[in-house]
Amino acid sequence: MPKIAPPPGVSDIFPDEATAWLQLESAARKVFGLYGFGELRTPIFEFTEVFQRGLGGETEVVQKEMYTFEDRGGRSLTLRPEGTAGVMRALSATDAANGVEHRVFYMGPMFRGERPAAGRKRQFHQVGVENVGRAASPGLDAEAIAMLCHFLEEIGITGFNLLINTRGVASDRPAAEQALAEHFRPHLAEMCDDCRARIDRNVWRILDCKQACCRPFIESAPDPAQFFSAESRDYFRKVCDLLTEQGIPFTVDPRLVRGLDYYVHTVFELTHSGLGAQNAIAGGGRYELQLPGLRNPIPGVGFAAGMERLLIVRDALGVTPPPAPVPKVYLASLGDAALAFNTSFAAKLRHAGISAAIDYDAKSMKSQMRAADRMKAEYVIVVGDSELEAQSAKLKHMADGREIEVKLSLDGVLAALAADAETK
RNA sequence: GUGGGUGUAGCUCAGUUGGUGGAGCGUCUGACUGUGGCUCAGAAUGUCGCGGGUUCGAGUCCCGUCUCCCACCCCA
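What you see as residue numbers is a count from 1 along each chain, following the sequence as written. Lettering for chains starts from A, numbering for ligands starts from 1, and both go in the order in which the items are written. Totals for whole chains, interfaces and linings use every residue, but because this is a predicted model, local features are given only for residues with pLDDT of at least 70 and side-chain atom pairs only at 80 or more, for both listing and counting. As a convention, hydrogens and water are excluded, and side-chain values are obtained from all of the structure's heavy atoms.

S.K.: Hey, could you run me through the sheet that holds strand β16 (residues 403-407) in this one?
M.R.: Strand-to-strand pairing in sheets goes through backbone hydrogen bonds, with the strands running parallel or antiparallel. Pairing in this open sheet of five strands is mixed, and the strands run β13-β12-β14-β15-β16 from one edge to the other. With one partner strand each, in any of the chains shown, β13 (356-358) and β16 form the two edges of the open sheet. The average angle at which neighbouring strand axes cross in this sheet is 30 degrees, direction not considered. DSSP bridges decide pairing: two strands pair if at least two such bridges lie between them. A run of H or I in DSSP counts as a helix once it spans at least four residues, and a run of E counts as a strand once it spans at least two, with each numbered from the N terminus. Sheet topology places strand β14 (residues 379-383) next to strand β15 (residues 392-397); three bridges connect them, and they run antiparallel. Paired with isoleucine 381 across the bridge in β15 is leucine 395. To define axes, lines are fitted to C-alpha atoms, for helices over the stretch in contact only, and angles between the resulting N-to-C directions are given on a 0 to 180 degree scale.

Shown next as structure tokens:
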């Protein structure tokens, strides 16, 4: 039990666990690279207004989940609660604002002051993609979704559900909002407190409510998309057609609204059972992000996946992460002269790209062999006075116990390792 | 923010009606002086989450607090 624990909802990732993270990260780089996306590393914190303006002041995230503090000059800063706003802030200084396409991805920690639960941390990690600058296009939307599915396939996640919906554009909304409000208002007395507040602040969020008392009214609610313009509905149909043509299964869910206000047109969410109540592993959509200091919002489409959740799902599916790296050669030392020799010999091996382990306490033979076994060293070389004398030692293969006589030099060991690898 | 569960050795967990804290695994040492895994023998290790209270005496009972887990909520 640690004397001092980390703050609630954050945790350490130890080396044996980190291998799984590295695997996810390199899979992301590989897959996104195939689509022409490059990595953009933005700061962990931004001026608070980047998120306030970007995500919408009415969103849950902005209202009560942000870690906000003042710097020494009294300016308000916020630890990023999601990745898109920071990416857009960075790209706002480029020609993305003039309609030039930027394809970027990011990965890293995000911060939200929520109550921790299964698959939910206060510092969590997202890997995300943004295609920014180009005007809205069903092709780009479908490509983002296809890329997300490709990524999941690459990391061994199967059996997920893809839900998609359209949120229309700003001019589509008033008619739909009015229809929704008219539908819900007569039943408000029977609905939950949150929804009573939401009807005036943001009717859409009612569709997202999971309260049992609200559900019947939500299910009988009209599909907002039916009030959208023909252009918007056509846009969404094209997205669906493109997915179908690529053989990507999906479900249209008219209730899917998502929590951030910046979405327009296509929104999607990827869920997986076996995660507990937090069943969303990734989500995204098309957006128009309004940033401070910019006259017009910048268009984009993207998604973010929760890395912790991906790992939980992967684990549940029985995908085993690669083992932590083990030393190729353990150098056992008998006596001070041997230890001195091994110290510099280990350095030579490491510079030659061979991982080497050594115990500077140079305890008993038995304890060194045990240490080599425990760290799963592939080979052991025992060096004592007689080996130094002869400039020759035995290279022992730990798995099967066979020993090979080798010259006690870098070339000698490298040659023996190469030869032994071939015989296997 | 609300509710439920939980907290004992590095890990997984026992701990009987309150009476000087245990097991397994792991670790360390050793079993014909320089060869691991198996076996055997020994050893080390805990402010029993933290703070109060009741009591002659609290890991055990009471109160508070925090963590973690689970759910609500929200989302990734």
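Picking up after the structure, the text goes on.
S.K.: What is the right way to read the packing of helix α5 (residues 138-154) against helix α9 (residues 230-245) from this model?
M.R.: Relative orientation and spacing of two packed helices are given, respectively, by the angle between their axes and the distance between those axes. The N-to-C vectors of α5 and α9 enclose an angle of 45 degrees; their axes lie 9 Å apart at closest approach. What the angle tells us is that α5 and α9 run oblique. The element α5 and its partner α9 pack so that their crossing is right-handed. Across from Pro138, Gly139, Asp141, Ala142 and Ile145 in α5, the residues of α9 making contact are Tyr235, Lys238, Val239, Leu242 and Leu243. Counted by class, the contact of α5 with α9 contains seven nonpolar, one polar and two charged residues. For classification purposes, an angle smaller than 35 degrees is called roughly parallel, one larger than 145 roughly antiparallel, one from 65 to 115 roughly perpendicular, and anything else oblique. Left-handed describes a crossing whose near helix is turned anticlockwise from the far helix by less than a right angle; the clockwise case is right-handed. Contacts are assigned to residue pairs with any non-hydrogen atoms lying within 4.5 Å of each other. Each residue is assigned to one class: nonpolar for Ala, Val, Leu, Ile, Met, Phe, Trp, Tyr, Cys and Pro, charged for Asp, Glu, Lys and Arg, and polar for all the others, Gly among them.

S.K.: Help me understand the pattern of salt bridges in this model?
M.R.: Note that side chains of opposite charge can pair when their charged atoms are close. By definition here, a salt bridge exists when the distance from a side-chain nitrogen of Lys or Arg to a carboxyl oxygen of Asp or Glu is within 4 Å. One pass over the structure, following the stated rule, counts 21 salt bridges. Between aspartate 71 and arginine 75 there is a salt bridge, and its shortest N-O distance comes to 3.4 Å. With a shortest N-O distance of 2.9 Å, arginine 103 and glutamate 143 are connected by a salt bridge. You can see arginine 103 sitting in strand β5 (residues 102-111) and its partner glutamate 143 sitting in helix α5, a full 40 residues away along the chain. Take glutamate 143: its relative accessible area is 24%, and that puts it in the partly exposed class. Through salt bridges with shared partners, one network takes in Glu101, Arg103, Arg134 and Glu143. Burial here depends on accessible area, computed with a 1.4 Å probe over protein chains only, as a share of the maximum for the residue type. Under 20% is buried, over 50% is exposed, and the range in between is partly exposed.

S.K.: Is there a simple way to explain unusual backbone geometry in this structure?
M.R.: Keep in mind that most residues, glycine aside, have a negative phi and that most peptide bonds are trans. Positive phi outside glycine occurs at histidine 265, with the angle close to 50 degrees. Tracing the backbone shows histidine 265 in strand β9 (residues 263-271). The class for histidine 265 is buried, based on a relative accessible area of 9%. Not every positive phi belongs to a glycine, and glutamine 391 is a case in point at roughly 55 degrees. Mapped onto the secondary structure, glutamine 391 falls in the loop between α13 (385-390) and β15. Classification of glutamine 391 by relative accessible area gives partly exposed; the value is 41%.

S.K.: What am I meant to see in a positive patch on the surface here?
M.R.: For patch building, the residue pool is restricted to those with more than 30% relative accessible area and no salt bridge; the joining distance is 9 Å between like charges and 5 Å between nonpolar side chains (Val, Leu, Ile, Met, Phe, Trp, Tyr). All accessible areas in this document rest on Shrake-Rupley with a 1.4 Å probe, and a residue is counted as covered only by the protein chains that are shown. Counted as positive: Lys and Arg. Counted as negative: Asp and Glu, with His and the chain ends omitted from the count. Every charge is mapped onto a representative atom, which is NZ of Lys, CZ of Arg, CG of Asp or CD of Glu. A surface patch of positive charge is lined by Lys363, Lys366, Arg370 and Arg374. Here arginine 370 shows up in helix α12 (residues 365-374).

S.K.: Sorry, what's going on with the protein's contact with RNA strand B here?
M.R.: Throughout, the term near means that a residue has one or more heavy atoms lying within 4 Å of the molecule or strand in question. Around RNA strand B, a shell composed of 54 residues is seen, among which Arg112, Arg205, Arg258, Gly259 and Met398 lie nearest. Backbone atoms, meaning sugar plus phosphate, form 52% of the atoms of RNA strand B positioned within 4 Å of the protein. Within the side chain of serine 386, an N or O atom sits 2.8 Å from a base oxygen of RNA strand B. At the level of elements, β6 (123-132), β10 (280-289), β11 (298-306), α12 and α13 are the ones that each hand at least two residues to the surface near RNA strand B. Nitrogen and oxygen atoms within 3.5 Å of one another constitute a polar contact, given that in protein one can donate a hydrogen and the other can accept it, and given that sequence-neighbouring residues count only through two side-chain atoms.

S.K.: Honestly, a nonpolar patch on the surface in this entry has me stumped. Any pointers?
M.R.: On the surface, Ile44, Phe45 and Phe69 cluster together to form a nonpolar patch covering roughly 250 Å² of accessible area. Looking at the secondary structure, you find phenylalanine 45 in strand β2 (residues 45-47). For phenylalanine 45, a relative accessible area of 42% translates into the label partly exposed.

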